[in-house]
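Here's the letter readout for the chains.
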Amino acid sequence: MLDNKLKEKNSLNITESKPEIWKVEPSTTAKNCKNFIREIVDNLDLKPNPEKPVIALSLGDPTIYGNLKPSPETIQSVIDIIEEGLCNGYAPSVGYENARAAVAEYLSHDNVDVDPRDVILCSGCSSSLEHCITVLADGTKNHNILMPRPGFPIYRTLAEALGVSVRYYNLIPENDWEADLHHLESQIDQNTAAIILNNPSNPCGSVFNEEHIRSILEIAHRHKVPVIADEIYEQIVFPGEKFVSTASLNSQVPILICGGLAKRFLVPGWRVGWIVVHDEIGAFDNVRKALVCLCQRTIGSNTLIQGALPSILQNTPQSFHDELISTLYENAQLTYEGLKNVRGLSPFMPQGTIYMIVEIQMNKFTMFANGLEFAQKMMEEESVFCLPGECFAIPGFMRIVLTVPRDLLQEACERIAEFCNRYYGN
Ligand SMILES: *Cc1c(COP(=O)(O)O)cnc(C)c1O
């Protein structure tokens with residue numbers, strides 16, 4: 001009792017003697033850390049029309065509407081591992097050996113032969129990307145990295161937090177969103193630490209052919225710039241298209257390939273991704289060691305999912321993947337048909353992924369100063385929200401997520417069409 005009284009008295013004294021508010025300043029790294037999508041979306045005034053239920057075509061998370069579920073085999077793999085009780089401890093920082101071997105086997109096809117020792121497991125593909133950018137690019141050396149425009153903004157978030165600047169290389173809409181090779185090459189200088197490739201592409205839904213990937217790798221080789229290949233959408237390609245991994249091309253370019261379970265297995269929240277160190281010439285000997293150190297800093301990824309990985313990758317049936325592709329393809333066709341004749345819009349039929357990019361002819365909608373106002377007004381009147389191109393550094397476009405249920409997608413297209421008809425020419 002007496003003790004408590006004393007404590008109370010002391011704590012009171014402390015407040016009395018230090019009346020000013022205690023503010024702790026975050027570090028420069030933290031202050032340099034920006035989520036560009038949030039920054040743009042949070043600044044919009046998003047009030048849906050109360051008469052119409054909201055249809056969110058904005059979130060790159062295939063699980064939110066509950067229509068796309070992971071396969072029963074995927075789920076059972078995790079249940080088994082939990083019940084076995086053998087994966088509750090720490091794993092090696094780069095991952096369990098059998099999980100790395102399973103990823104190596106999963107990725108070994110089409111002329112690719114991945115060695116389990118080249119696989120590092122991470123907490124989602126985002127964390128793979130963070131390790132790759134951190135290991136190659138140095139803020140204190142004035143390094144820059146190249147990323148696609150339009151492109152996934154997390155690359156910029158990760159780089160700028162390290163004090164590494166970002167340079168964009170353009171993708172060309174009318175060439176199926178292939179990279180503008182001259183522009184790409186012109187962006188390289190002696191401080192360029194890496195070129196980021198994202199194939200298949202978020203937000204374009206495009207899939208590079210072999211020749212194009214070769215051309216990019218030739219540029220990387222000529223300038224001795226390593227490549228970070230974000231292949232999180234590997235194999236999510238539509239009929240008639242083929243996914244070509246950078247690893248399959250024997251290019252003599254050192255490449256860090258990033259991937260994971262998130263999209264193809266429909267479990268983004270499980271947070272397991274990987275890096276494959278692809279290096280035929282020994283250029284990455286030191287980078288390899290440094291990557292291990294970076295992993296030791298965060299002690300590796302979730303052991304339950306790691307433990308389940310061999311079973312997930314081996315037992316998830318091909319029919320599951322095929323069904324996902326056919327659902328996405330049908331949704332893409334439906335959306336394309338629904339939008340292609342809408343005045344003022346030019347949708348691009350995707351070749352894969354879970355996205356469609358749509359051009360908005362802003363000069364036909366002069367009452368909107370930019371794509372942000374367009375997106376905001378569409379939400380206000382039609383309760384349909386798409387991410388404006390500004391989120392991907394390409395104003396005048398919007399991105400549609402194709403994983404939402406078919407009837408909602410249909411309804412969304414109709415509302416988008418009505419909206420455009422209302423404002424076209426105004
Ligand atoms: C979704 C996505 C990722 C992130 O995957 P996680 O495993 O959830 O971290 C990485 N790159 C691109 C292009 C993506 O769209």
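Examining the pairing of strand β9 (residues 273–278)
The buried count for β9 comes to six of six residues, which makes it a mostly enclosed element. Where burial is concerned, the two faces of β9 agree: the one with Gly273, Ile275 and Val277 and the one with Trp274, Val276 and His278 are both buried. In the sheet, strand β2 (residues 119–122) pairs with β9 via four bridges, with the strands oriented antiparallel. In the strand pairing of β9, isoleucine 120 is matched with isoleucine 275.

Examining the layout of surface pockets
Estimated volume of the largest pocket: approximately 720 Å³. Asn35, Ile37, Gly60, Phe152 and Lys263 are, among the 33 residues lining the largest pocket, the residues nearest its centre. Sorting the residues of the lining of the largest pocket by element identifies α3 (36–42), α6 (124–136) and α7 (154–161) as the ones contributing at least two each. Considering only residue class, the lining of the largest pocket consists of 19 nonpolar, eight polar and six charged. Both domains that meet at the lining of the largest pocket, namely domain 1 (30–67 + 319–423) and domain 2 (86–315), each give it at least three residues. In this structure, the second largest pocket encloses a volume near 320 Å³. Considering the residues around the second largest pocket, the lining is formed by 19 residues, among which Lys224, Val225, Pro226, Pro254 and Ala283 are closest to the centre. Sorting the residues of the lining of the second largest pocket by element identifies α6, β6 (192–198) and α9 (210–223) as the ones contributing at least two each.

A short note on empty space enclosed by the protein
Per the counting criterion, the structure on display carries two cavities of 30 Å³ or more. Space inside the largest cavity adds up to approximately 140 Å³. When residues in the lining of the largest cavity are grouped by element, the largest group, three residues, is from strand β8 (residues 255–260). Per-class residue counts for the lining of the largest cavity are nine nonpolar, four polar and two charged. A volume near 30 Å³ is recorded for the second largest cavity. Lining of the second largest cavity is provided by Leu197, Asn199, Ile213, Ala229, Glu231, Val244 and Thr246. Looking at side-chain class alone, the lining of the second largest cavity contains four nonpolar, two polar and one charged residues.

Topic: the pattern of salt bridges
Evaluated as defined, the whole model comprises 19 salt bridges. Measuring nitrogen to oxygen at the nearest pair gives 3.0 Å for the salt bridge that ties lysine 47 to aspartate 45. The class for aspartate 45 is partly exposed, based on a relative accessible area of 41%. One salt bridge in this structure joins glutamate 411 and arginine 415, with 2.8 Å as the shortest N-O distance. With glutamate 411 and arginine 415 both in helix α14 (residues 406–423) and four residues apart, the pair spans about one turn of that helix. Of the residues examined, arginine 415 reaches a relative accessible area of 5% and is grouped as buried. Salt bridges here are not isolated pairs; linked through shared partners, they connect Lys52, Lys377, Glu380, Glu381, Glu382 and Arg422.

A look at the environment of isoleucine 354
Mapping isoleucine 354 onto the fold places it in the loop between β10 (345–348) and β11 (355–360). Judged by relative accessible area, which is 3%, isoleucine 354 ranks as buried. Residues isoleucine 354 and glycine 60, spaced 294 residues apart in sequence, show a C-alpha to C-alpha distance of 7.8 Å. Not counting the four nearest positions on each side in its chain, isoleucine 354 is found in contact with Gly60, Tyr233, Lys263, Leu328, Ile400, Val401, Leu402 and Thr403.

Things to note about the environment of proline 53
With respect to the helices, strands and loops of the structure, proline 53 is situated in the loop between α3 and β1 (55–56). Assessed through its relative accessible area of 58%, proline 53 is described here as exposed. Between the alpha carbons of proline 53 and proline 200 there is a distance of 32 Å; along the sequence they are 147 residues apart.

Conventions adopted
- Residues numbered from 1 in each chain as written.
- Predicted model: local features only at pLDDT ≥ 70, side-chain atom pairs only at ≥ 80, totals over all residues.
- Heavy atoms only, no water.
- Buried < 20%, exposed > 50% of the residue type's maximum accessible area, 1.4 Å probe, protein only.
- Helix = DSSP H or I, 4+ residues; strand = E, 2+ residues; numbered from the N terminus.
- Pairing = 2+ DSSP bridges.
- 1 Å grid on protein atoms, 1.4 Å probe; cavity = no way out; pocket = protein on both sides within 12 Å on 5 of 7 lines; lining within 4 Å.
- Points joined across faces, edges and corners; volume = space filled by probe spheres on them.
- Nonpolar A, V, L, I, M, F, W, Y, C, P; charged D, E, K, R; others polar.
- Domains from an automatic or database assignment.
- Salt bridge = Lys/Arg side-chain N within 4 Å of Asp/Glu carboxyl O.
- Contact = heavy atoms within 4.5 Å.

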